[in-house]
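Residues per chain, in single letters:
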Amino acid sequence: MPPRSKRQRKQKDRISLEGKQRATGQEALDADNDPNALILPSKADAAAIAAADGTAASDEEAPQPQKKLSKSQQRKLRKVQQEKERREKRAEIFDALLKHQLVGDQLGLLRPASARGQKETKKEGLRRALQLHRAGVDLPSDARLFKKTAGSSTW
């Protein structure tokens, strides 16, 4: 037998220990061969052993931590969230507008914006007061819809 160097002997011992570890499922005793110094297998080895046995690894037990987002990714995520909030608010506003929408009869009672700031003639005022009265809206105090007669005390 040729003399072996120290390096070759260590290499041979390491290879034989790795083979024993695969066979038993646990790592072999440390280099001092201390029987009380048993080293448990790593998680990767445990997962491989569990896969070989057909049992599932404990991935469900450990939740995966969220990845830290870069500033540009955070900005994009924030923009998407803001757009989503705007769409929701917009839908709520449209619902509120539909709830308080005026019907055609009520729209006819409104004065046009072009007439704003102009003084109504007596005829226009009477016509408007009659429309309001027929619609069941309370008349303004200055509206003189009915003519006062000498025999009656009401307008």
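The shown structure was predicted, so the numbers you read here are calculated from the model rather than taken from an experiment. (Residues numbered from 1 in each chain as written. Predicted model: local features only at pLDDT ≥ 70, side-chain atom pairs only at ≥ 80, totals over all residues. Heavy atoms only, no water.)

Colleague: Outline the overall build of the protein chain, supporting the account with residue identities and numerical values.
Modeller: A count of helical and extended segments in the protein chain gives five helices and zero strands. Moving toward the C terminus, one meets the helices and strands of the protein chain in the order α-α-α-α-α. Taking all 155 residues of the protein chain together, the buried fraction comes to 5%. For the protein chain, the exposed surface amounts to about 15000 Å²; the carbon and sulfur share of it is 53%. (Helix = DSSP H or I, 4+ residues; strand = E, 2+ residues; numbered from the N terminus. Buried < 20%, exposed > 50% of the residue type's maximum accessible area, 1.4 Å probe, protein only. Areas by Shrake-Rupley, 256 points an atom, 1.4 Å probe, with all protein chains shown as cover.)

Colleague: Talk me through helix H5 (residues 122-135); I want residue IDs and the actual numbers.
Modeller: End to end, H5 covers 20 Å across 14 residues, agreeing with the expected 20 Å (1.5 Å per residue, within 8%). Looking at the residues trailing H5, positive phi occurs at Gly136, about 85°. (Expected span 1.5 Å × (residues − 1).)

Colleague: Talk me through the pattern of salt bridges; I want residue IDs and the actual numbers.
Modeller: The final tally for this structure, using the stated rule, is three salt bridges. A salt bridge links Arg86 to Glu83; the nearest nitrogen and oxygen atoms lie 2.7 Å apart. Taken together, the residues span about one helical turn, with Arg86 and Glu83 both in helix H3 (residues 71-99) at a distance of three residues. On the basis of relative accessible area, Glu83 is assigned to the partly exposed category, the value being 36%. In this structure, Arg111 engages Glu120 in a salt bridge whose closest nitrogen and oxygen atoms are separated by 3.9 Å. You can call Arg111 partly exposed: its relative accessible area is 40%. (Salt bridge = Lys/Arg side-chain N within 4 Å of Asp/Glu carboxyl O.)

Colleague: Can you break down a nonpolar patch on the surface residue by residue, with the values?
Modeller: Nonpolar side chains collect at one region of the surface, where Ile93, Phe94 and Leu97 lie side by side and expose about 330 Å² of accessible area between them. Considering the arrangement of structural elements, one finds Phe94 in helix H3. (Patch = residues over 30% accessible without salt bridge, like charges linked within 9 Å, V, L, I, M, F, W, Y side chains within 5 Å.)

Colleague: Requested: an account of a negative patch on the surface, with residues and values cited.
Modeller: A surface patch of negative charge is lined by Glu85, Glu88, Glu92 and Asp95. Here Glu88 lies in helix H3. You can call Glu88 partly exposed: its relative accessible area is 44%. (Lys, Arg positive; Asp, Glu negative; His and termini not counted. Charge placed at Lys NZ, Arg CZ, Asp CG, Glu CD.)

Colleague: I'd like a rundown of the confidence of the model for the protein chain, residues and numbers included.
Modeller: The share of residues in the protein chain with pLDDT of 70 or more is 66%, and the mean pLDDT across the chain is 76. Ranking the elements of the protein chain by mean pLDDT puts helix H2 (residues 43-53) last with 68 and H3 first with 94. (pLDDT = per-residue confidence, 0-100.)

Colleague: Can you tell me about the environment of Lys122, naming the residues and giving the values?
Modeller: By secondary structure assignment, the location of Lys122 is in helix H5. The exposed category is assigned to Lys122, whose relative accessible area is 71%. A C-alpha to C-alpha distance of 9.9 Å links Lys122 and Ala143, two positions 21 residues apart in sequence.

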